[in-house]
Protein chains: 2
Amino acid sequence: MTSGETITFYGYFRSSSAYRCRIAFNLKQVPYGFVSVHLRKDGGQQKTPEYRALNPQALVPTMVSGDFTLTQSLAIVEWLDETQGGPKLLPEDPNLRAKVRAFAQVIACDIHPLQNLRVLDYLKTELGHDQPVADAWCRRWLGDGLRSCEDLVAKESESGRFCFGDEPGLADICLVPQIFSAHRFGVDLTDMPRLREIHAACEALPAFADAHPSRQPDTEA
Amino acid sequence: MTSGETITFYGYFRSSSAYRCRIAFNLKQVPYGFVSVHLRKDGGQQKTPEYRALNPQALVPTMVSGDFTLTQSLAIVEWLDETQGGPKLLPEDPNLRAKVRAFAQVIACDIHPLQNLRVLDYLKTELGHDQPVADAWCRRWLGDGLRSCEDLVAKESESGRFCFGDEPGLADICLVPQIFSAHRFGVDLTDMPRLREIHAACEALPAFADAHPSRQPDTEA
């Protein structure tokens, strides 16, 4: 895209991956137009042919800039970091950058997709489980995954006020929405003191606070 | 790491994410020492305290180079690409690079983690499902996910002999192990002609063929 081109962002207030992108847009101070894709209304607005033409997975988020269409939250965040101004979300040092990506992928690969709406729908509709079983399923992957994140950060010499230093970046962008989910599902974070500290430091920043699911144009009670 | 330092790679022949890294090591022509972490032996060798000290998720793969330890296959592949010689696995153009990452993440986030051993164990042990239910579960996410990949590649103007051009890269590195899983679980690939063509083009290259699960030091029948 050219720097003057407007970005359109398709998201949903409660989606953890849309939440990540909102934080990144805010940190980079990149303006965008928002289109709500309601995952529960009209049988799921993400399943329309129009939306599938943008995102064949029928998942949020999607970003469009001119004739450039991009899906997948981590790809969107790294694209913003590589093409837009504002503070860097990934460190320059290749080893540290790799560790930041690995931390982000623990969340984006091994925690979040397991609690995706389509997966919980399958557990309930096709496998016949009730909501408490689905909730316990989410708690299991959230608990195991976040404990790994705590370990990774606790033994990281570069860890500071935020996951990998004293400035927020990709790791924190992934962490905060996952802690939001953890609270929602009642995951006990007592044995994760570093994550709780980092979460509090992030929430004190407007870029994170303004991206919260409770403060979006499509927020519902 | 310094360029002379030896890389130790902890993997398992059948792991899709270890398979990705093997292809990347081969394409980049980076030598490494292999340590087998048998996911089924001794109650799971990935669960020992020694291995957890390297990888708190108790998952493969892990890469160690001197005092630098890295987990998560996509992070490992990008680190190899950024720090080692050999052909580039991601394109220079930021828009195309973002699309390659998004394709890789469709697989690494939204297909593969759902068929991870720990997830199938939960379905069987904690939720009481039998193997056919677990297999159908895998087929569902493999089928849906790979159809999205087919769409992404089919409408990509840069797509060529491989997913995003005429040289293999990160997208192909993720695709081939997932097609291996699709065959294993009996997913019908009839309506995915581009993926089948690309898969055949990859398999014709020694870097992919030598990384196949049937040809590893720890391969079992």
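Residues numbered from 1 in each chain as written. Chains lettered and ligands numbered in written order. Predicted model: local features only at pLDDT ≥ 70, side-chain atom pairs only at ≥ 80, totals over all residues. Heavy atoms only, no water.

### Concerning the overall build of chain A
Going by this rule: Strands here mean DSSP runs of E at least two residues long; helices mean DSSP runs of H or I at least four residues long; both are numbered from the N terminus. Each radius of gyration is computed over the set of C-alpha atoms, and the globule rule expresses the reference value as 2.2 Å times the number of residues to the power 0.38.
If you tally the helices and strands in chain A, you get 9 helices and 4 strands. Its helices and strands in sequence order give chain A the pattern β-α-β-α-β-β-α-α-α-α-α-α-α, from N to C terminus. Here the C-alpha radius of gyration of chain A, 17 Å, is about what a compact globule of 221 residues would show, namely 17 Å. Taken along the three principal axes of its C-alpha coordinates, chain A extends 50 × 50 × 30 Å.

### What to know about the interface of chain B and chain A
The criterion, for reference: Contacts are assigned to residue pairs with any non-hydrogen atoms lying within 4.5 Å of each other. Buried area: the accessible area, evaluated with a 1.4 Å probe, that two parts lose upon being put together, summed over both parts. Each reported salt bridge corresponds to a side-chain nitrogen of Lys or Arg within 4 Å of a carboxyl oxygen of Asp or Glu. In protein, a polar contact requires one atom able to donate a hydrogen and another able to accept it; more generally it is a pair of N or O atoms within 3.5 Å, and residues adjacent in sequence count only if both atoms are side-chain atoms. Following the grouping adopted for this structure description, the nonpolar residues are Ala, Val, Leu, Ile, Met, Phe, Trp, Tyr, Cys and Pro, the charged ones are Asp, Glu, Lys and Arg, and the polar ones are all others, Gly among them.
Contact with chain B, which involves 48 residues of that partner, is made by 48 residues of chain A. Here chain B meets chain A over a buried area of about 4,200 Å², counting both sides, of which 58% is carbon and sulfur. Counting every contact that joins chain B to chain A gives 8 salt bridges. With its nearest N and O atoms 2.7 Å apart, the salt bridge here joins R140(B) to E126(A). Where chain B meets chain A, there are 23 residue pairs in polar contact (both at pLDDT 80 or more). Counting residues per element, the side of chain B that touches chain A draws most heavily on helix α4 (residues 94–110) of chain B, at 12 residues. The residue inventory of the side of chain B that touches chain A, partitioned by class, reads 27 nonpolar, 9 polar and 12 charged.

### Structural notes on the nonpolar core
Side chains of nonpolar character tend, in soluble globular proteins, to be buried together. The criterion, for reference: What makes a nonpolar core is a set of buried Ala, Val, Leu, Ile, Met, Phe, Trp, Tyr and Cys residues whose side-chain atoms join them at distances within 4.5 Å. Relative accessibility thresholds used throughout: buried, under 20% of the residue-type maximum; exposed, over 50%; partly exposed, between the two (1.4 Å probe, protein chains only).
By size, the foremost hydrophobic cluster in this structure holds 138 residues, and its most contacted members are F103(A), W137(A), L146(A), F103(B), W137(B) and L146(B). Ignoring anything within four residues of it in the chain, the contact list for W137(A) reads L114(A), V119(A), L120(A), L123(A), V119(B), Y122(B), L123(B), L127(B) and W137(B).

### Observations regarding the relation of the copies chain B and chain A
Related by rotation about an axis and a shift along that axis, the two copies of the chain form a pair. To be explicit about the condition: Superposition of the copies was done by least squares, using only C-alpha atoms of residues whose pLDDT is at least 70 in both.
Aligned on chain A, chain B shows an RMSD of 0.0 Å; the corresponding rotation is 180 degrees and the shift along the axis is 0.0 Å. One copy is carried onto the other by what is essentially a two-fold rotation axis. It is C109(B) whose C-alpha, among those of chain B, lies nearest the rotation axis, at 2.0 Å. The fraction of interface residues of chain B whose copies in chain A are also interface residues reaches 100%, indicating that both copies meet through the same surface.

### Structural notes on the pattern of salt bridges
Inspection of the entire model under this criterion finds 24 salt bridges over all chains. R101(B) is the salt-bridge partner of E82(A), the closest N and O atoms lying 3.1 Å from each other. Of this pair, E82(A) sits in helix α3 (residues 73–83) while R101(B) sits in helix α4, which puts the two residues in different chains. Relative accessible area serves as the criterion here: at 31%, E82(A) is assigned to the partly exposed category. For R194(A), the salt bridge goes to E197(A), with nearest N and O atoms at 2.6 Å. Taken together, the residues span about one helical turn, with R194(A) and E197(A) both in helix α8 (residues 193–203) at a distance of 3 residues. Linked by salt bridges that have partners in common, E78(A), E82(A), R97(A), R101(A), E78(B), E82(B), R97(B) and R101(B) make up one network.

### Quick notes on the packing of helix α6 (residues 131–154) of chain B against helix α8 (residues 193–203) of chain B
Residues and elements named next belong to chain B. Keep this limit in mind: Only the contacting stretch of a helix is used when fitting its axis, a line to C-alpha atoms as for every element, and angles between N-to-C directions run 0 to 180 degrees. Each angle gets one of four labels, with under 35 degrees taken as roughly parallel, over 145 as roughly antiparallel, 65 to 115 as roughly perpendicular, and the rest as oblique.
Where α6 contacts α8, the axes come no closer than 8 Å and their chain directions differ by 85 degrees. In terms of axis orientation, α6 runs roughly perpendicular to α8. Judged by residue contacts, L146, C149, E150, V153 and A154 of α6 engage P193, R194, L195 and I198 from α8. Of the residues that constitute the contact of α6 with α8, the class distribution is 7 nonpolar, no polar and 2 charged.

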